[in-house]
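Take a look at the letters that make up each chain.
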Number of protein chains: 2
Amino acid sequence: MAEYRLFGMGESGNAYKAALMLNLCGLDWEPVFVDFFNGEGRTDKFRDDVNELGEIPVLDHAGRKLSQSGVILHYLAEQTGKFGAADPDEAREIWRWILFDNHKFTSHLATLRFMFGLQKTGETPVTEFLRGRTMGAFGLVEKHLDGRNFIVGNRATIADISMVGYLYFPEETGIDRAAFPNINAWTARVAALPGWAHPYDLMRRGFPGA
Amino acid sequence: MAEYRLFGMGESGNAYKAALMLNLCGLDWEPVFVDFFNGEGRTDKFRDDVNELGEIPVLDHAGRKLSQSGVILHYLAEQTGKFGAADPDEAREIWRWILFDNHKFTSHLATLRFMFGLQKTGETPVTEFLRGRTMGAFGLVEKHLDGRNFIVGNRATIADISMVGYLYFPEETGIDRAAFPNINAWTARVAALPGWAHPYDLMRRGFPGA
């Protein structure tokens, strides 16, 4: 058994954040497929044994089961000394962006892509609402990246690894990504890091028919 | 001028998280009103001087301007030694719940309450969507609080202070709060802490006509 085990699936950008970090750090890890789309996260077994909140990812390491990608990223940065903060001020800055990601960036984009790109609901008031919120967050990140190579400091950190979580998926979201050149240059920069891999190459996909 | 200054307004539950912590810790602080509903957060002046992301709350202390309530709560716990974690495992557990709060609990509830309770949009597909998500998160917290007095450990921590952020507001959300007795007992427990005050008593309100 690998030293690190990650409960997730290919379509989960939140699981990808952890999987990408494990891969970029060159750790000995293996994915554990969770059949999330068929309700495995809602089963008593999963809630009792893996995560009471029914969510993925969950990292299993040294007798600990950790959930929330932001917690897992910080844990792995502590374990490896890689992609973490240089000092307490930078640590707060990294947390600021990871919270922004969870609150404003990933959250709306993930649900939009699930509905519009995977479930193929077509345009609805909810997809319009989610796209509006996502575009607002994209605009803030686009501006922040003006003259910067990475989100915090001048090197890749777990803030970047968190925020790119949903940016490599091919499914349609109705967002014109060409309108965000700074974001595109940045995602390419992260994708050039040694150990980078696409989410669908790191974890088994679970969406019916995928 | 007070030692701590908090940029916010009464209607912001995210600002309230920070205001409540400042008050519970008995710190020397003062609110700085941001006319958020009239677009002050979107002005160049606010973005340049206070917060590039245009959000409240922002804590001004000792030459630092900190944003994201989760960062502010951790900073104040470090400064005071109050409401923080007892060890690294508990620190991760507190972060887990603060991330869950930002991602699933506060985020949907805050927007639902803004639309349904303040803007009075009436029921729309978006308010139905947000209420469904909020109810899911309420269910998870209700279950977690079974047999527990507080979210992490057996005492109040910044996880509680974050998660109650939007739970004392009077505006209608269309959620039957009586269906969540554990949550109600817990919010009453937090409200009994010395220094607790209602958000509308801590910061000036900004909603037109309020």
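Owing to the predicted nature of the structure, the values given are computational and were not obtained by experimental measurement. (Residues numbered from 1 in each chain as written. Chains lettered and ligands numbered in written order. Predicted model: local features only at pLDDT ≥ 70, side-chain atom pairs only at ≥ 80, totals over all residues. Heavy atoms only, no water.)

Draft legend 1. Spotlight on the interface of chain B and chain A. Listed per partner, the contact involves 35 residues of chain B and 35 residues of chain A. Here chain B and chain A share an interface that buries about 3,300 Å² over both sides, 59% of which is from carbon and sulfur atoms. The largest contributions to the chain B side of the interface with chain A come from Arg92, Arg96 and Leu99 of chain B, which together make up 20% of the buried area. The tally of links from chain B across to chain A stands at eight salt bridges. (Contact = heavy atoms within 4.5 Å. Buried area = accessible area lost by both parts, 1.4 Å probe. Salt bridge = Lys/Arg side-chain N within 4 Å of Asp/Glu carboxyl O.)

Draft legend 2. Layout of the confidence of the model for chain A. Mean pLDDT over chain A works out to 97, with 100% of the residues at or above the 70 mark. With a pTM of 0.97, the predicted complex shows an ipTM of 0.96. (pLDDT = per-residue confidence, 0-100.)

Draft legend 3. Spatial organisation of the packing of helix H4 (residues 88-119) of chain A against helix H5 (residues 125-144) of chain A. Residues and elements named next belong to chain A. Between H4 and H5, whose axes approach to 9 Å, the crossing angle comes to 140°. Classified by the angle their axes make, H4 and H5 are oblique. Both H4 and H5 take part in a crossing whose hand is left-handed. Listed contacts from H5 to Trp97, Phe100, Lys104, Phe105, His108, Leu109, Thr111, Leu112, Met115 and Phe116 of H4 are Val126, Thr127, Leu130, Arg131, Arg133, Thr134, Ala137, Phe138, Leu140, Val141 and His144. Partitioned by chemical class, the residues of the contact of H4 with H5 number 13 nonpolar, five polar and three charged. (Axes fitted to C-alpha atoms, helices over the stretch in contact; angles between N-to-C directions. Helix = DSSP H or I, 4+ residues; strand = E, 2+ residues; numbered from the N terminus. Parallel < 35°, antiparallel > 145°, perpendicular 65-115°, else oblique. Left-handed = near helix turned anticlockwise from the far one by under 90°. Nonpolar A, V, L, I, M, F, W, Y, C, P; charged D, E, K, R; others polar.)

Draft legend 4. Geometry of the sheet that holds strand E3 (residues 58-61) of chain A. All names here are of chain A. Pairing within the open sheet is mixed, and its four strands lie in the order E2-E1-E3-E4. Two strands in the sheet have a free side with no partner beyond their single neighbour: strand E2 (29-33) and strand E4 (64-67). Recorded for the sheet is a direction-independent mean angle of 25° between the axes of neighbouring strands. Against the sheet, helix H1 (residues 13-24) contacts strand E1 (4-8), E2 and E3, and its axis sits at roughly 155° relative to E1. (Pairing = 2+ DSSP bridges.)

Draft legend 5. Structural detail: the relation of the copies chain B and chain A. Relative to chain A, chain B is turned by 180° and slid 0.0 Å along the rotation axis, the superposed coordinates differing by an RMSD of 0.0 Å. Such a turn and shift between the copies fits a two-fold axis. Looking at the interface residues of chain B, 100% of them are also at the interface in chain A, so both copies use one shared face. (Least-squares fit on C-alpha atoms with pLDDT ≥ 70 in both.)

Draft legend 6. The pattern of salt bridges, seen in detail. Residues and elements named next belong to chain B. Throughout the structure, instances matching the rule amount to 30 salt bridges over all chains. Of the charged contacts, one joins Glu30 and Arg5 as a salt bridge, the two residues approaching to 3.3 Å between their closest N and O atoms. One end of the pair, Glu30, is in strand E2 (residues 29-33); the other, Arg5, is in strand E1 (residues 4-8), with 25 residues separating them in the sequence. Among the ionic pairs, Glu90 bridges to Arg155, the shortest N-O distance being 2.6 Å. Of the two residues, Glu90 sits in helix H4 (residues 88-119) while Arg155 sits in the loop between helix H5 (125-144) and helix H6 (158-163), which places them 65 residues apart along the sequence.

Draft legend 7. The pairing of E1 of chain B, seen in detail. All names here are of chain B. Counting buried residues along E1, five of its five residues qualify, which places the element largely inside the surrounding structure. Burial along E1 is two-sided: the residues Tyr4, Leu6 and Gly8 and Arg5 and Phe7 are all buried. Two elements, E1 and E2, share five bridges in a ladder whose sense is parallel. Bridge assignment links Gly8 to a residue of E2, and that residue is Phe33. The parallel pair E1 and E2, bridged by helix H1 (residues 13-24), forms a crossover whose chirality is right-handed. (Buried < 20%, exposed > 50% of the residue type's maximum accessible area, 1.4 Å probe, protein only. Right-handed = clockwise from strand over helix to strand, strands pointing away.)

Draft legend 8. Quick look at the side chain of Arg92 of chain B. Locating Arg92 of chain B in the fold gives a position in helix H4. Ignoring sequence-local partners within four residues, the contact set of Arg92 of chain B consists of Arg64, Leu66, Val71, Tyr75 and Glu78 of chain A.

Draft legend 9. Spatial organisation of the environment of Tyr168 of chain A. All names here are of chain A. One can find Tyr168 in the loop between helix H6 (158-163) and helix H7 (181-191). Spatially, the C-alpha atom of Tyr168 lies 22 Å from that of Val71, the residues being 97 residues apart in sequence. Once residues lying within four places of it in the same chain are set aside, the contact partners of Tyr168 are Tyr16, Thr187, Val190, Ala191, Trp196, His198 and Pro199. Polar side-chain contacts of Tyr168 include one of 2.7 Å to the backbone oxygen of Thr187. (Polar contact = N/O pair within 3.5 Å; in protein donor to acceptor, adjacent residues only side chain to side chain.)

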